[in-house]
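If you want the building blocks of each chain, they are given just below.
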Amino acid sequence: MIHRKYMRTRQLAPGMRVDHPVVDRLGRILVARGVELDDYIIDSMVKKGIMSVYIQEITDDDEDELSPAAQKNIERLRTDDRAKVRLSDSVRERVAAGIHYVYSNTDDPELVRTTNNIADTLMSAIQENDALAIDISTLKTSDEYTFKHSVDVATISMIVAKQMGMTDTEIHEIGVSGLLHDLGKTKIPLEILNKPARLDDDEFAVMRQHPVFSYRMIQDNPDLSDEIKLAVLQHHEKINGRGYPMAVSGAKISPYAKVLSVADIYDALVTERPYKSAFSQREAVEMIMSMTQELDLFAMENFLHSMILYPVDSVVELSNGEKAKVVKNSPYYILRPTVVGLTSGKVYDLGDDLACANIIIL
């Protein structure tokens, strides 16, 4: 049986096969699906800054392990995941080209129009199948961190805003805010921005100014609402007043910024950078859940309801040693779906069954 596995590029080994095309920021295929990796291809991807890819994991024994009881319970309980955001290759290409243009031409009068067009494209992708969920690992709009990060934050924020019941106008504006939130990083010296190690105190003080730089770059633009401008300025503020650049707290933080903050932190955690390894999606979600003093609880709750960590049909390993297939997800227990043991056929309702309380997905 072939499963899809998401791996950091530096962990790849010759002989593995790619399960999803690797594309550049313009949507051009660099490595086709099914290609067997060798040292040259792996090294080339690392040099191009491609941080992670899907590979095929072939486990011939899974079908043999699937007992009649397991098959019966899987067929009985399998429930499709909520509709997720899907970006076609053509959409990825338009979005990648658009965000690259925005960050490369920050003084261009067309900046707002281009940003609105990108937000419109993302809005259409969300509305196309009435998406209410997102799998961050499937976005892949660019290999360049700043561009990818901006699109990821915008898309996650728009889905969260939809979950929160915001209007289409508000969802669109949150998308624009997400696309522009790091615009000020274009004013940060490259030796700080791309430093392959942790920043010292002086360097971090400079980096902490990027929301101010972003705000100043758009503050006089009449085509952007005050809500967008404030969200860009405040996306690093914390509910407890320990954020930056103004150290404001609670109700003084823009509702848009509260959403952006959750999306920004999550995407930064799951993305590999020269100075840090990427956290797994599970680890990142657990870290987000621990930040109750820093993040808005309503935004956090709706973010958690929007994420799908273990898609239905995924095969996972349980802490009791058994392999299991995911048959149902719950937005209220995103770390604990319902699974069926491949050999025992036992149903593990990890979210609601107290008998499963000591079992986790490894």
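My aim in this report is to walk through the structure given alongside it, one point at a time. (Residues numbered from 1 in each chain as written. Predicted model: local features only at pLDDT ≥ 70, side-chain atom pairs only at ≥ 80, totals over all residues. Heavy atoms only, no water.)

1. Topic: the overall build of the protein
Inference 1: Within the protein, the secondary structure is distributed over 14 helices and nine strands.
Inference 2: Taken over C-alpha atoms, the radius of gyration comes to 21 Å for the protein, in line with the 21 Å a tight globule of 362 residues would show.
Inference 3: Seen through its C-alpha atoms, the protein measures out along the principal axes to roughly 65 × 50 × 40 Å.
Inference 4: For the protein, long-range pairs separated by at least 24 residues make up 65% of all intrachain contacts whose partners lie at least 6 apart in sequence.
Inference 5: Accessible area for the protein stands at about 17,000 Å²; split by element, carbon and sulfur atoms hold 50% of it. (Helix = DSSP H or I, 4+ residues; strand = E, 2+ residues; numbered from the N terminus. Rg over C-alpha atoms; globule rule 2.2 N^0.38 Å. Contact = heavy atoms within 4.5 Å. Areas by Shrake-Rupley, 256 points an atom, 1.4 Å probe, with all protein chains shown as cover.)

2. A word on the packing of aromatic side chains
Inference 1: With the rule as written, the count across this model stands at three aromatic pairs.
Inference 2: A ring pair is formed by Tyr 103 and Phe 147, whose centres lie 6.1 Å apart and whose planes are at 70°; its orientation type is edge-to-face. Here the residue Tyr 103 occupies a position in helix α4 (residues 89–104), and Phe 147 occupies one in helix α6 (residues 145–163), the gap between them amounting to 44 residues.
Inference 3: A residue is classified by how much of its surface remains accessible, and Tyr 103, at 7% relative accessible area, is buried. (Phe/Tyr/Trp six-rings, centres within 6.5 Å; stacked < 30°, edge-to-face > 60°. Buried < 20%, exposed > 50% of the residue type's maximum accessible area, 1.4 Å probe, protein only.)

3. Description of the pattern of salt bridges
Inference 1: For the coordinates displayed, the defined rule picks out ten salt bridges.
Inference 2: A salt bridge links Asp 313 to Arg 78, with the nearest nitrogen and oxygen atoms 2.8 Å apart. Separated by 235 residues along the polypeptide, Asp 313 in the loop between α14 (297–306) and β6 (315–317) and Arg 78 in the loop between α3 (68–77) and α4 bring together distant segments of the chain.
Inference 3: Given a relative accessible area of 33%, Asp 313 falls into the partly exposed group.
Inference 4: Its salt-bridge partner being Glu 110, residue Arg 113 comes within 2.3 Å of it at the nearest N-O pair.
Inference 5: Each of Arg 78, Asp 80 and Asp 313 takes part in one network of salt bridges that share partners. (Salt bridge = Lys/Arg side-chain N within 4 Å of Asp/Glu carboxyl O.)

4. Let's talk about the sheet that holds strand β7 (residues 323–328)
Inference 1: With antiparallel pairing, four strands are arranged side by side in an open sheet as β6-β7-β8-β9. Looking at the sheet topology across the chains shown, the edges are occupied by β6 and β9 (347–349). Here the average twist between neighbouring strands, direction ignored, is 40°.
Inference 2: As paired elements, strand β8 (residues 338–341) and β9 share three bridges and run antiparallel to each other. Looking at the pairing, Val 340 lines up with Val 347 of β9.
Inference 3: Sheet strands in contact with α3 are β7, β8 and β9, and its direction is about 160° off that of β8. (Pairing = 2+ DSSP bridges. Axes fitted to C-alpha atoms, helices over the stretch in contact; angles between N-to-C directions.)

Without other data, these values stay purely geometric and don't point to any function.
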